[in-house]
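Architecture at a glance
One-letter residues, chain by chain:
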Amino acid sequence: MSTVTGQAAFAGDPAVSPRRAGLLRRIVNHRADYLYVLPAIVVMLVVIGYPIYYTIELSLFKTPPNLQMKDKIFVGLDNYVTILRSASFRDVTLNTLIWTAGSTLFAFLLGLGAALSLHREFMGRGVLRALLLIPYVVSAVAASYVWKWLYHSDFGVIGALAVQFQLSDRPINFLDNLHSVLPSLIVVNIWKEFSFAMIMLMAGLQTVPDQLLRAAQVDGANAWQRFWHVTFPHLKSVSMVTVLLLMVANFNSFIIPWIMTGGGPAGASDIWITQIYNLAFGRQRYGVASAYSVILFIVMMTLGYFYVRALTRGDEARAG
Amino acid sequence: MTKIDGRDATAFRLQRRELVAYSIAALMSTTMVFTATTASYAQSIDLSKWSPEYVKSIAGTEEFDTAAECAKVTPLDYKGKLSYWWTGPNDASPDIERKINDDFWAAWKATYPNIETDAQNIDYNVLLDKLRTALLGNAGPMVLRLQILGGIEFSSKGYFQPLKPEDVGYASADFWPGALKSDTYEGVLYGIPTNNETMAFIWNAKIFNDAGLDGEHPPATWDEVVKDSKIIHDKLGIAGYGMVAKQNAGNTPFRFMPQMWAYGGGTLDESTDAPTYETVMLNSAGAKAALQASYDMYVRDKSVPVSALTNTQNENQQPFIAGQLAMMIAHPSEYAKMKDLASKATGADKAVADAVVENMRYGLIPEGPARRAVVFGGSNMHFIKNEYVDGGFDAGAAKAFACFWNSPEWSTKLAWTGSNPGNLRGFKTKWMKERLDTIKFLDVTTSMLPNGIPFPVVPYATEIMNHIVPDMLQNALTEKMTVDEAAEDAAKKVQDLMAGM
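Read on for an overview of the structure. (Residues numbered from 1 in each chain as written. Chains lettered and ligands numbered in written order. Predicted model: local features only at pLDDT ≥ 70, side-chain atom pairs only at ≥ 80, totals over all residues. Heavy atoms only, no water.)

1. Digging into the interface of chain A and chain B
Where the parts come together, the accessible area they lose is often given as the size of the interface. Counting residues at the interface gives 33 residues for chain A and 38 residues for chain B. For the pairing of chain A and chain B, the buried interface totals around 2800 Å² over both sides, and the portion due to carbon and sulfur atoms is 51%. Here Arg283(A) makes a salt bridge to Asp471(B), at a shortest N to O gap of 2.8 Å. Across the chain A-chain B interface, the total number found is 17 residue pairs in polar contact (both at pLDDT 80 or more). Among the elements of the structure, helix H7 (140–151), helix H12 (255–260) and helix H13 (272–282) of chain A are those that each provide at least two residues to the side of chain A that touches chain B. Take the side of chain A that touches chain B: its biggest share by element is four residues, from H13(A). In terms of residue class, the side of chain A that touches chain B is made up of 15 nonpolar, nine polar and nine charged. (Contact = heavy atoms within 4.5 Å. Buried area = accessible area lost by both parts, 1.4 Å probe. Salt bridge = Lys/Arg side-chain N within 4 Å of Asp/Glu carboxyl O. Polar contact = N/O pair within 3.5 Å; in protein donor to acceptor, adjacent residues only side chain to side chain. Helix = DSSP H or I, 4+ residues; strand = E, 2+ residues; numbered from the N terminus. Nonpolar A, V, L, I, M, F, W, Y, C, P; charged D, E, K, R; others polar.)

Shown next, in the form of structure tokens:
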């Protein structure tokens, strides 16, 4: 039996640690299971593992515009040092944090409000729910172009309405101003993704037991107290997952800022992902762009860890 | 401080005299920068006589048989495959450009029916990024038409095959020397100029008159552009000059560099008689003066579109046809586009649009203290090396196509409203005569050709022109930096770029 042979081999080899021996033994014991998942693992290694490896490798090289990729120059950790020391990194990171925190917070709050409003039965609820889902299903590219024209600094509809209703004496400068561009983009992003939060939280609301809410009502709890002490604790897990998913999506968000401003003006709406794209495909700094990507990857993995923990905690709570 | 900063007013005067001397004596080679080169070619078109009258006199004087010429390069029954990427007509193009494009593909299919063709018309601002990505994955097309600025980056990396007009049945002498020079890297030619053009200054005479200016006399200098733009904005409440300052968009350097060169600035020393591309001029007095003029229009006077920072030239078309923009820099095709837009307008808009077309004027791009300048523009056709082509390179098909596209017939037709034939023999065709007879203002733009200055022929030219120059503009126009700081910052970026080669 191979298992016995394996055990004998590990027992006789002092170089193999007990922990490693245990892992290998488990693999051998469950070799049929591992064979079943092997194709999936191979595919993952090819489509996920190799790009990650290549990105990390490339982040250690310099790629000047007059050299092909195969002639890249090894520079060690220089790209990371360059990035971390640059003023643009600080600006872009600050933009990314504002973008992510602003979009996530307000999309969640708006989604929560919409979910709570739509949780009650009322006439036209289905229609309203469908209408609120429209931003989520509209193509991000199409939405970006529409919003770009709505915001246009000279001929935008919003600016024209503001002038018409005498809210402003000239069209509002949304996208061509250092200070207003990022908030303007965040508004578009919130509009685009609050429906996602709404759907998640509506599903979460289904799990709040009616008898608890009724009992609280009998005990004299007002609407806010019922929400805060009964409903919200039940939404904690789904809220955590929703916020984490929104954060991951926003950290990786590309379409809206790229199409609407390309990171401008003067870098005022440049976030990590647009900066990475611009460095790689606009300026051919593949090495620096890869180093940026690795930093972003580490941040995403950290968020991913908390996401998995939140999911696992939910499972454990249910199991308990 | 870079070398050129040391130039004083005397130097500018000297250069101006040289410029005038060249203009008169050479009358007119492709560009003043390449006047010396011109002499080494025996051209079928006499560039020393170049003038609107000369162009008119040679138009329609020769007949060409495209199929017969190309059959000598690749037999007409040749069976093969071709993949081709280029930037062709889009929604902003005049209708006639789209029709000619359709006619071309029909003629190509009829002439070489056995060459299976996969042609991709890719947006001007997307093509470079897409090509870079494709080449990294060895998935490029066989044949490519690329803006004049983009070629050297890929030639220097070894992606392109050496390619000269003789390879596809034509003589190098029949192409603008400046255009050939712009595609030559380390002494080797890597492409065939498909079309070459210079832009012109366009204005709405009625707006000028309404603002109390002379509608028949546009601003002669860039300082006057600043002044007139302010007058127009102050009196009429509309934008004066159609500034374009979008990041990563070719339209931006095509409009700002003429201004910078006119004031005596530059990115490198591309505007000098013998450029070495080793001197950074973005922080020169001339460059700062040009940037200051833009700052004055955008920030101080607010006389240009607020959306200039996100606008390409396409976004200037609608306000111009609506009578809300007085001046802009563009191709001769702009007139055709405006006629198209006017023909599609209805109701009250129609009257406004017709009045704009009626009052549309073309003139020379204003001059500055140093010179009158314009970007020597155009595109080149390239062959990509076999190992970087998706599916491999088919030499017979590629040569047939290059011959067909660059023939006197099609190089003229495909440049109908927006450019001029890269193959100078195109100027002798009956189609050139038809263009001159039917396209208003074509002679104005062709007469700007001798003032054309090519972008620097260096591998990092696209980064300078599409990123560093627009960055500089945006940093100054948003007041993120002062004009001085923005210019110094841009110069440092170029110096770092050169140091990192």
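2. Observations concerning the pairing of strand S3 (residues 143–147) of chain B
Residue and element names in this part refer to chain B. Most of S3 sits out of view: five of its five residues are buried. Relative to S3, strand S1 (residues 80–86) is paired through two bridges, and the arrangement is parallel. Following the sheet pairing, Trp 85 is matched in S3 by Leu 144. Bridge count between S3 and strand S12 (residues 377–383): five bridges; the pairing is antiparallel. Note on S12: the bridge partner recorded for Gln 147 is Ser 379. (Buried < 20%, exposed > 50% of the residue type's maximum accessible area, 1.4 Å probe, protein only. Pairing = 2+ DSSP bridges.)

3. Considerations on the state of the cysteines
Residue and element names in this part refer to chain B. Summed over the entire model, instances satisfying the criterion amount to one disulfide over all chains. Across the disulfide, Cys 70 is cross-linked to Cys 403 (sulfur-sulfur distance 2.3 Å). Taking the sign of the S-S torsion, about -95° here, the bridge from Cys 70 to Cys 403 comes out left-handed. In this pair, Cys 70 is assigned in helix H4 (residues 66–71) and Cys 403 in helix H16 (residues 395–405), connecting sequence segments 333 residues apart. Here Cys 70 falls in the buried class, since its relative accessible area comes to 0%. (Disulfide = S-S within 2.5 Å.)

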